[in-house]
Each structure stands twice: as structure tokens, then as C-alpha cells.
Amino acid sequence: MKNIKFILSTLLIILLTTVKSFSLIEVDITRGNLNPLPVAVSPLSIDVKSKKSFENLLKKKDIGEEISLIVENNLRTSGLFNPLNKDAFLQAPDIANLKPRFEDWNLIKAQALITGKVTNIEDKLRVEFRLWDVLAGKEMMALAFTTVPTNWRRVGHIISDKVYERLTGEKGYFDTRIIYVAEEGPKTNRIKKLAIMDQDGENNKFLTLGNELVLTPRFNPTSQMVTYLSYFRNLPRVYLLDIETGMQEVVGDFPGMTFAPRFSPDGKKIIMSFAKDGNSDIYTMDLENRIVEKITNHPSIDTSPSYSPDGKFICFNSDRSGYQQIYVMNSDGTNVKRISFGNGIYGTPVWSPRGDLIAFTKLHKGQFYIGVMRTDGTGERLLTENFYQEAPSWSPNGRVLIFYRETKTDDKGEGFSAKLWSIDLTGYNERLVKTPTDGSDPSWSSLLSD
Amino acid sequence: MNRSIILSSVFHLFIIILTAMSLPFLSKKAVDLPPIVSVELIQITEKTNIPFAPKAKKIIEKVKEKEKKLVSEQAPPKKVKKKKPDAVPMPEDNIKKVEKVKDDTQNPEKVDNEIKQVSEFEKEELFDPNNIAALIDKSKEETALEVNKTDQVTQDQTKNFDNTGLTLSEEDALKAQIFGCWSIPLGLPYNENLLVRIKLELKPDGSVSKSEILDHARMNRPGQGFYKVLAESALRAVKLCQPLRVPTTGYERWKELQLNFDAREMLEG
């Protein structure tokens, strides 16, 4: 009898195993769409009393709506979001902020919803906002900021950054500034001033008077400090400028042709190229003890150095192979490797803050290209082509490049202009950056709120 | 004696049950008949995204063209003149025209295409008509490689031929629908293991009655922000897509589905 039980139980196990073989169907989803995500940015609600007080203070009729417009504009320019038309919104902003009626927002095809509220608390601006997942019907994020009312634009940028990060998985780049060379006058007699503005082109300020030629301003990746090159009595001089305090300091006078000083990732060194004894090489200068160290030692012209974000490598351009190409070496100058092998001339390499790509300018058959390649030189992609464009600079999240583009002069010598442009890594989202004058040599700051 | 009979009967009964459960044509009603299967296979070759050895196809076409040329070259000289040699340079002329058009544009995507085309020309130059057999052999190897690659990517490929899974066309229809609904978060790193597995319980009309992220605990772990963003986007895609494009028959087969969302291929570009 025991044997029968044993056999029966064994058979039962085998039977169950066989039945188990009818397993769950699995489907692999390896592709999706890259269309901008439809998002509804509801105007931030504001009570009547706060509205009036901010109207007197900031000369803005509805500060809640103004802040939501900044968020909307930022998300749209990123190319990753599609802010929906406010005319289609069915729910009032104040009620939406308390509890959105998701069916209404679903009806207009919104996948994410931003709501919020502005209040005046003891003459300070308090802004709270909520991000909702419309399809899941749940809150994804809720934050509140209190600041001086004049900071209202920055609040809009910070909200944009938080939304961007929550929905894309990477940090935003909206609460940032851009330093550039503002240019005015005819091509033969350009007045060049150092200028700074928010990344959306607002709050433009000139930092120098235009008496001296200024070139290649570059942000310190860790603080609001800038290094740039200026000619004093026809001698190149490298300056440090603190944006917050306006304090300016001369780092040093350098011989011959000096080019493109740039900070190391920790902000403690400056790397640049200058010509000594008729040969241009790459040097670093320690900003604490002002000791200058020679990094490359080659009879060719080595210029445009840029550190990798971990500080272990440097990319630069050199004509040691006969014509200008991009090279990568260890930060002490050893193990130099050429990484660009395509047709044409390569220049101004800049290492991405994410560390995975190097942006460059390429000249081929009379056309200029801005492109990116991996740090080993593979995967070269040309993002944009034009008559003349150069000097790409990365946004702090490594997704967008800003550069400048010049137009041709006509037969009468007129029509010349230099404008700032931005393009994202997809190559599709190319935009003119608004500046009050012509501009060149832009450099993107790190996030101000980090 | 009785014991032996009982044992024998139980064993035989077991074998019959086992056969009935294991062999689907016995367990299932005779719905999926062979003629329907053959029609589906034709649709698969037309619609599926799984590569159908395109390189091999191209090479075979080229070989056919070359064979035609070889035959015409063997013909008498007069016939050679009549064989319309103009037809050979024609495509090159066309390509040159296309190239010129592309030079005028400033679209960066088109620049990429231009570069790709240049490399294809180089490949054409490397083509040796005297080594046709070797090329055909290579094409076979490449086909085999393609199949292996797709096997690696879609783990469930082999299951499609079981009666327990979806057919390729059914799976393609479902995939195509979800591809359209899934907005991939572009900021995610492509070099991390970001595979989101979602188990769905479906109603007969394809709407989702329950969705569950299988690695749910990972979403709330520190440092797994990327995973959370991806999982949420996948859930949004499922909700946006419902009712899912599931087969009209065989509800028992697909009432439970597992979707594996993997964006690495897209993010890597």
C-alpha cells in the first residue's frame, strides 16, 4: 500500500511539473517613441491679496502665471516635453492644485500635470508645486520654496529642473547662466564685452566696458567663478572673475599666443596653451601657488585642452599628424592617443560633464560642423552644419551644446552677424539663443542651486 | 494479482492524462488549423521587424545581376552592344544626383545618412564577382548570426512556436502598439541594467485589470532613481495603450502577460 502511495505521489509531482510548463507569456519591449511627453502646466494659483502685493512689488500682473510660463518655456525648449495649450484645460488652477480630476487631464492627452500655489508670507515669495502622474492618478513630487520676491524667475527655473529630473532621470540645466562675449559694431572694428545671462536669455548683464579685447570666458565647474583671456597693452593676460562679488584678479601674463584657459574639474587649476620659444604646448597653472607645469612637449602646435570630469584625462587638438586632429592623454601628459580619424580638420574638443562624449568643431570641404564622438573616437555624429560655427560648450547635464554661428558678409561688406545657438544630442532640437547684441564664445555654468 | 491490475491501470491512466496535458493538439480545440498558420507566416515576413537576413538578400540580388552581366559578356560582340550597357551607369548617376541634393541640405541627420552611403559604396567596391560562391556562403553565416542575435535579444522567441505563447504576428501587433505608447525617458544611462518587468492580468477585451512591477522593491531603494523613472514610464505606456491589442481568441493563453521593458538599445542610439 505504501508503494502505491509513493508511486501515486511521484506521478502527481510529474503531472504538476508538466502542467507548470504552460508558463507565463513574456513579451520584450525594446523600443519606444522619442516624441516629447505631453505635459500640462497649470498656472500657479494665487490669492487676491498676494496677487496685489506682488503686482506692486514686481510690476507683474499675475506672478503665478508668469512662473508657470517660465516652466512651460523651459520644458518646451528642452525638446523632451510638449506643454499643452492652456485653453484646453478644464480644471481651475486652485482646484487642480488641491486634487486634480485626472479624467479631465487624461481627456486632453496630458501624461503629467504641474500645479502650484503662490503666497506672500511676510513679504517673501512662497511657491509650492506638485507634479502629478495623470495616467497613474498619483502625485509624483511636491516641493515648496520661500525666497525674496525678486528671485521669482529662478524659482521657475528650479521647478523646471525638478520636473525634468523626475521625469527623465537626469538632472536639469535650467537654473544656470551663460557667459559669452557680446559683440557690437562692424566686423573690422568689433567692440567685445564680457556678458552674462540666464540660460533662457533673460537678465543680461555686461561685465566689462569693451575697452579691451576679451576672449574665451570659461566657467569654473564648481563655483560661479570665470576665467577669461584679455589683451592688455597687446599682451595676453589671463583673468579670474568672481561673478557673485565682481572681484577680478590677474592670474598671469603669458608670452606669445595664449589660448583658451579652462578650469580643471576641481577648479583648482587652469589648463591652457601658450607659445614658448615659438612652440605652442599645453600647460597647467595651480591657482594656489601659481606654479606652471608643462604637460605636452612636442614640436607641433597643441591647443584647446579640456579635462575629463574625473580629472584623469585631457583631450586637446594637435597637428602632430600633419593636420589638426583630436588627441586624448593622461592628465600628466603621458599616453597620448589620436582619437579622430575622419575626413577634415577637428578642433575645440570639450569633454562632456557626463564623461561619455567629446564635442568638437569639424571643418570639412569648407563647411563647419558641430559634432560629438565617444572618448575613444568611435561613434562620431555630426549634429549641425553651417558656413561658420565653433566653440561648443556643454550644459551641466551633458545633453545640450551651446555654440556660436557667424553669417557671411555680402558684397558690400554688410550682413555679418554672430549669434549663439543651442542643439541637443539628438541633433533635431536646434534653437537660437536670445541675446541683446551679437555673441560668441559661450560657456555654460553649473547648476546654481546645486 | 489485483494489486498489479490496479497499479497497471493507474499507470496507464496517468500516461493518458500526461499525454492529454502535454500534447496541445489534444488539449486545445482544433482552432489553429494549419492553413491559418501558413497565412500568418507570410504576414510575418512582410510585417515583422525581425531582420530577414537583408544583407544576404542584397548579396543574392547582386549576384543575380552579375550573373546576367556575365551571360551577356559571353554573348557575341554585336549582342554585347545591344545589351544596353547604359543601364549599368544609370544607378551611379542617380546616386550622384541624390548626393548633390543632400550636400545642399543642412539637416544633420541627412549628413549621417550621407556618411553611411559613402561606407556602402566602399563595400560595393570590395565586392569581387569572381568570388560569388564564397559570398553566398558568408551570407548564410550572416543569416545564422542574425538569428542568433535576435534570439539573444528576445528571450521569448522560441516560445512563439509553442502553442502556449503568442504567434509572431500576434506578438508583433502587441509590440507595435506598446512601442507607440512608451515615451522613453531619454536621460537614463544606457550602460546600466535597467530592465523593468511588469506582470499584467488582462480582461478578455485587452484592458488591464491588474499590473504589477516584479522588482517593485528596487524602486524605493536608494540610488535606484533611474529604475523608478523607467518603471513609471513603462506603467504609463501600459495604461496609455489599453485595451491592449491581444488576439481575439485563446483568452486562457494570454490572460496573464509579462512585459519586459528594456530601453538600452534606444538609449545607446
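Residues numbered from 1 in each chain as written. Chains lettered and ligands numbered in written order. Predicted model: local features only at pLDDT ≥ 70, side-chain atom pairs only at ≥ 80, totals over all residues. Heavy atoms only, no water.

Undergrad: With reference to specific residues and values, describe the overall build of chain B.
TA: Helix and strand content of chain B: 13 helices and three strands. Within chain B, the proportion of its 269 residues that are buried is 29%. For chain B, the share of sequence-separated contacts (at least 6 apart) that also reach a separation of at least 24 residues comes to 68%. Carbon together with sulfur atoms contributes 58% to the accessible area of chain B, which is approximately 17700 Å² in total. (Helix = DSSP H or I, 4+ residues; strand = E, 2+ residues; numbered from the N terminus. Buried < 20%, exposed > 50% of the residue type's maximum accessible area, 1.4 Å probe, protein only. Contact = heavy atoms within 4.5 Å. Areas by Shrake-Rupley, 256 points an atom, 1.4 Å probe, with all protein chains shown as cover.)

Undergrad: Quick rundown of the overall build of chain A? Include the residues and the values.
TA: Across its full length, chain A carries six helices and 31 strands. Taking the principal axes of the C-alpha coordinates as reference, chain A spans close to 100 × 75 × 50 Å. When the 450 residues of chain A are sorted by exposure, 54% land in the buried category. Looking at chain A alone, contacts between residues at least 24 apart form 44% of all its contacts between residues at least 6 apart. Each charge class in chain A was averaged separately, 56 positive and 55 negative side chains, and the resulting centres sit 4 Å apart. (Lys, Arg positive; Asp, Glu negative; His and termini not counted. Charge placed at Lys NZ, Arg CZ, Asp CG, Glu CD.)

Undergrad: Report on the sheet that holds strand S23 (residues 345-351) of chain A, specifying residues and quantitative values.
TA: What links the strands of a sheet is backbone hydrogen bonding, and the strands pair in either a parallel or an antiparallel sense. Residue and element names in this part refer to chain A. In space, the four strands of this open sheet follow the order S23-S24-S25-S26, with antiparallel pairing throughout. Each having just a single partner strand, S23 and strand S26 (381-386) make up the two edges of the open sheet. On average, each strand axis in the sheet is inclined to that of its neighbour by 20°, with strand direction left out of account. Sheet topology places S23 next to strand S24 (residues 357-364); five bridges connect them, and they run antiparallel. Pairing of tryptophan 351 across the sheet is with isoleucine 358, part of S24. (Pairing = 2+ DSSP bridges. Axes fitted to C-alpha atoms, helices over the stretch in contact; angles between N-to-C directions.)

Undergrad: Which residues make up the domain arrangement of chain A, and what values do they have?
TA: You'll often see interface size given as the accessible area lost when the parts meet. Residues and elements named next belong to chain A. Assigned domains of chain A: these are domain 1 (2-29 + 37-168) and domain 2 (177-444). Taking only C-alpha atoms into account, the centre of domain 1 sits 38 Å from that of domain 2. Facing the nine residues of domain 1 at the interface are ten residues of domain 2. Between domain 1 and domain 2, roughly 690 Å² of surface is buried when both sides are summed, and carbon and sulfur atoms account for 38% of that area. The interface formed by domain 1 and domain 2 contains one salt bridge. As a salt-bridge pair, aspartate 200 and arginine 153 come within 2.8 Å of each other at their nearest N and O atoms. The interface formed by domain 1 and domain 2 contains seven residue pairs in polar contact (both at pLDDT 80 or more). It is helix H3 (residues 63-78) that provides the largest number of residues to the side of domain 1 that touches domain 2, a total of four residues. A breakdown of the residues in the side of domain 1 that touches domain 2 according to their chemical character gives two nonpolar, five polar and two charged. (Domains from an automatic or database assignment. Buried area = accessible area lost by both parts, 1.4 Å probe. Salt bridge = Lys/Arg side-chain N within 4 Å of Asp/Glu carboxyl O. Polar contact = N/O pair within 3.5 Å; in protein donor to acceptor, adjacent residues only side chain to side chain. Nonpolar A, V, L, I, M, F, W, Y, C, P; charged D, E, K, R; others polar.)

Undergrad: Can you explain the state of the cysteines? Please cite residues and give values.
TA: Residues and elements named next belong to chain B. Evaluation of the coordinates by the stated rule reveals one disulfide over all chains. The residue that forms a disulfide with cysteine 181 is cysteine 241, at a sulfur-sulfur distance of 2.1 Å. Looking along the S-S bond of the cysteine 181-cysteine 241 disulfide, the torsion reads about 100°, which is the right-handed sense. In this pair, cysteine 181 sits in helix H9 (residues 168-181) while cysteine 241 sits in helix H11 (residues 225-241), placing the two residues 60 residues apart along the sequence. (Disulfide = S-S within 2.5 Å.)

Undergrad: Report on the nonpolar core, specifying residues and quantitative values.
TA: With 83 residues, the main nonpolar core has Ile114, Val118 and Ile159 of chain A together with Leu200, Leu259 and Phe261 of chain B as its most contacted residues. In terms of domain composition, this core takes at least three residues from each of domain 1 (2-29 + 37-168) and domain 2 (177-444) of chain A. Once residues within four sequence positions are removed from consideration, isoleucine 114 of chain A is found in contact with Val39, Ala40, Val41, Ser42, Val71, Leu75, Phe129, Arg130, Leu131 and Val163 of chain A. Counting residues in each nonpolar core, the second largest holds twelve residues, with Val251, Ile270, Tyr283 and Leu287 of chain A among its members. (Core = buried A, V, L, I, M, F, W, Y, C linked by side-chain atoms within 4.5 Å.)

Undergrad: Can you tell me about the packing of aromatic side chains, naming the residues and giving the values?
TA: All names here are of chain A. Per the counting criterion, the structure on display carries 17 aromatic pairs over all chains. Centroid distance phenylalanine 129 to phenylalanine 145: 6.3 Å. Interplanar angle 5°. Geometry classified as stacked. Here phenylalanine 129, found in strand S6 (residues 124-133), pairs with phenylalanine 145, found in strand S7 (residues 138-147); they are 16 residues apart in sequence, far enough to count as distant. According to the relative accessible area criterion, phenylalanine 129 is buried, its value standing at 1%. Between the aromatic rings of tyrosine 164 and tyrosine 173, the centroid separation amounts to 5.8 Å while the plane-to-plane angle is 80°, which identifies the pairing as edge-to-face. Both residues of the pair, tyrosine 164 and tyrosine 173, belong to the buried class. Through successive ring pairs, a cluster of aromatic residues spans Phe81, Tyr164, Tyr173, Phe174 and Trp444. (Phe/Tyr/Trp six-rings, centres within 6.5 Å; stacked < 30°, edge-to-face > 60°.)

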